[in-house]
Each structure stands twice: as structure tokens, then as C-alpha cells.
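Spelled out from the first residue to the last, the chains are:
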Amino acid sequence: MKLISGSSNPELAKAIADVLDVPLTSVDIQRFRDQEIFVKINENVRGEDIFLIQPTSAPANDHLMELLILIDALVRASAERITAVVPYYGYARQDRKTGGRTPISAKLVANLISKAGAHRVLMIDLHAGQIQGFFDIPTDNLFGQPVFVADIKDNYSKKDRGNLLFVSPDTGGVVRTRAIAKQFNADIAIVDKRRPKAGEAEVMNIIGEVEGRDCILYDDIIDSGGTLCNAAAALIEHGAKSVTAYITHGVLSDPAVQRITDSVIKEVVITDTISQPEKVKNCDKIREVPVSTLLGEAIRRIANDESVSKLFG
Ligand code: R5P
């Protein structure tokens, strides 16, 4: 097995390499003056089982193009099998036509990755599970849930866990929220969110009894922070005792960090699928939990043709 990292999240790639005790294969990634990308793999990869780690987070187009170019280089270097490890799959939210004459970009990206020559794709908490159907190659969509369950157990006493209420910030996340709530035998509530226009989130109603409860908002993505902060404010207005958030992918576009800082939320826990800038690392209300052990174990299982679903019981 060989591990290769693109430039999107080298810290995560290094952590996975440490978990697997496999060194990262040396790669040069350069830019021409016109910003075209050039890559060179500095070791022989002929006949190798390659795991190429590159979340397609911002700048999404650059990271995606780099992923495609790296896959192309690996194909031409006669790698035996290429697994694109894309812990955060950008463009996933564009998974259906939202109106006439609009694209399905999540499908286009799936086509690009497949056509470039990837043999499989490994992701975490894909925005919608059915996006796997956009690929005609095998995909593994890992759940971030066990990482969060462990963190909640570490941070809430058994008694305090009895007052937890898991809240989906929109109807799209209900299945995911119900699954984590089940781990604690807890109830769920649902925020009825509307988007008057792209990038704006408005809370209409809260479905469920939140008064006096320690609410955990659970979601796959925090982008501008509008969904989360509006939901948190509405929960407090409806009598919730506290609001904490667990969110897999910290996209955190401006002004998310400021919104979180100014919000009623006690803490936002994200994973390290996306490399974060200093302003996120320095924000007292945001904490990262690692997914390197989860990804490392999944990679080990794929390499050994073992079950990946067994990872989740
Ligand atoms: C939407 O379906 C997603 O699960 C997230 O709730 C959404 O992308 C968050 O976006 P924002 O933070 O910009 O409101």
C-alpha cells in the first residue's frame, strides 16, 4: 500500500500515515505561472495499491483539479488500484436540479473522478448517501458518528447524558440525527428551516419539546454558520438550557467564525476532514476531533479486502 497526499489537508494525511505506520509517498505539486497545476510522483508506484488523500474543500476547484491530475499521473505510472480518499466531498450539496437549466454538479464531479481513473472512493458523512449512486465504481461512505459518540461520552457524565436532546437543524438531517440519538436512548427535535435564497437560512418552527434540555445540534456541514446559529438562537428562545453542536465538516466560510463567536452556542465540535486556518484554530468555541484513526482503519480494511461496514458494528 502507498499513501499519497494532495495539498488540501497534509496534516490529516500525516496523521493517517502515523496510524497505519506507512510513510507518505513523496510528491511534488507545483504551479505554472498561469496557475496550471503540475505534479510529479517521486517514487515508483507500478503495481501498487494507492490511497490518495485529498478532501475537495475550499478552494474547491483547485483541490478537485489537483485530485484529478494526481489520479491521472498515477494511472500513467501504472498504479494497480487507486482509491480517492475524499473525506469531505465538495459540490455534494448540488445533488439535484434545483430549477430549470441548472446542473447536478455532484454527479459531474463523480464522473470526473471516475473518468480520471480512480477505482474506488472513500468519504465521510457524504451530504446525501444516495450520491454514492452517481459513481459506477465502489464507494465507502464512513460515518463520523462513532467519533462524536465517543466525544460526547467523554464530555458528559452519565447523569448529564440523560438530559440530552439531539436536534436536526433541518429536515434533511433527521435520519442522521435519529441515528446518533439512538446511541444515547435520547429524543430528537427538528428545526423547520427554509432558505429564502442561497446562503441564507431562516427558522420557521421547532418540532419537539426543547424546554430545559441540553440540545446537541447535529449536522454534516457548517458553511456560513447561518443554519446552525439561527437554529441555536431559536432553541434558546424556546427554553432550551444549552446548545452545543457536533458537525462533521467545518467548511466555515466567512462569516461563520464570527457568527459562532457571537452566538448562544456553547461549543461547536468539528472533525479534521478539512484543514483549518489559524482563525478557526484560535476560536475558543470551536474544537476539532480527529478522524485519522477511523480513516486509517478503513484504509487498512480496504487494502486487506476486509469488511468496512464492520467498523460500525
Ligand atoms: C444543508 O443541507 C447542510 O446539511 C448544512 O445544514 C448547510 O450546508 C449549512 O450551511 P450554512 O452553514 O451556510 O447555513
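Look a little higher up for the structure.
Residues numbered from 1 in each chain as written. Predicted model: local features only at pLDDT ≥ 70, side-chain atom pairs only at ≥ 80, totals over all residues. Heavy atoms only, no water.

J.: Help me understand the sheet that holds strand S6 (residues 120–124), please; the structure alone is not making it clear to me.
T.: Consider a sheet: its strands pair through backbone hydrogen bonds, and that pairing is either parallel or antiparallel. Taken together, the 5 strands give an open sheet; going across it, the order is S1-S4-S5-S6-S7, and neighbouring strands pair in parallel fashion. Since the sheet does not close on itself, it has two edges, and those belong to strand S1 (2–5) and strand S7 (139–142), each with one partner. Sheet twist, expressed as the mean angle between neighbouring strand axes with direction ignored, is 20°. As judged from the 5 bridges shared by strand S4 (residues 49–53) and strand S5 (residues 81–85), these two strands associate in the parallel manner. Along S5, the bridge assignment pairs Ile53 with Val85. (Pairing = 2+ DSSP bridges. Helix = DSSP H or I, 4+ residues; strand = E, 2+ residues; numbered from the N terminus. Axes fitted to C-alpha atoms, helices over the stretch in contact; angles between N-to-C directions.)

J.: What am I meant to see in the site of the ligand here?
T.: Around the ligand, the structure places 14 residues, and the nearest of them are Asp219, Asp220, Ser224, Gly225 and Thr227. Within the side chain of Asp220, an N or O atom sits 2.6 Å from an oxygen atom of the ligand. Ser224 places a polar side-chain atom, nitrogen or oxygen, 2.6 Å from an oxygen atom of the ligand. Computed on the free molecule, the ligand has an accessible area of 380 Å², of which 90% lies beneath the protein chains in the complex. Elements with a minimum of two residues in the shell around the ligand: strand S11 (214–222) and helix H7 (226–237). In terms of residue class, the shell around the ligand is made up of 2 nonpolar, 5 polar and 7 charged. (Near = heavy atom within 4 Å. Polar contact = N/O pair within 3.5 Å; in protein donor to acceptor, adjacent residues only side chain to side chain. Areas by Shrake-Rupley, 256 points an atom, 1.4 Å probe, with all protein chains shown as cover. Nonpolar A, V, L, I, M, F, W, Y, C, P; charged D, E, K, R; others polar.)

J.: What am I meant to see in the packing of aromatic side chains here?
T.: Each pair of aromatic rings is reported with the distance of its centres and the angle of its planes. The final tally for this structure, using the stated rule, is 6 aromatic pairs. On the basis of an interplanar angle of 80° and a centroid distance of 5.2 Å, the ring pair of Phe143 and Phe312 is categorised as edge-to-face. Here Phe143, found in the loop between S7 and helix H4 (145–155), pairs with Phe312, found in the segment after helix H10 (292–303); they are 169 residues apart in sequence, far enough to count as distant. Take Phe143: its relative accessible area is 43%, and that puts it in the partly exposed class. Residue Phe312 is classed as partly exposed on the basis of its relative accessible area of 24%. Seen in terms of ring centroids, Phe148 and Tyr218 are 6.0 Å apart; in terms of plane orientation they differ by 85°. Their pairing is edge-to-face. (Phe/Tyr/Trp six-rings, centres within 6.5 Å; stacked < 30°, edge-to-face > 60°. Buried < 20%, exposed > 50% of the residue type's maximum accessible area, 1.4 Å probe, protein only.)

J.: How should the pattern of salt bridges be read in this particular structure?
T.: Side-chain pairs of opposite charge can arise where the charged atoms are in close proximity. Throughout the structure, instances matching the rule amount to 21 salt bridges. Residue Lys281 is joined to Glu288 by a salt bridge in which the shortest nitrogen-to-oxygen separation is 3.4 Å. Look at Lys281 and you get partly exposed, because its relative accessible area is 43%. Exposure remark for Glu288: the relative accessible area of 30% places this residue in the partly exposed category. Residue Glu306 pairs with Arg300 through a salt bridge whose shortest N-O separation is 3.3 Å. Given a relative accessible area of 35%, Glu306 falls into the partly exposed group. (Salt bridge = Lys/Arg side-chain N within 4 Å of Asp/Glu carboxyl O.)

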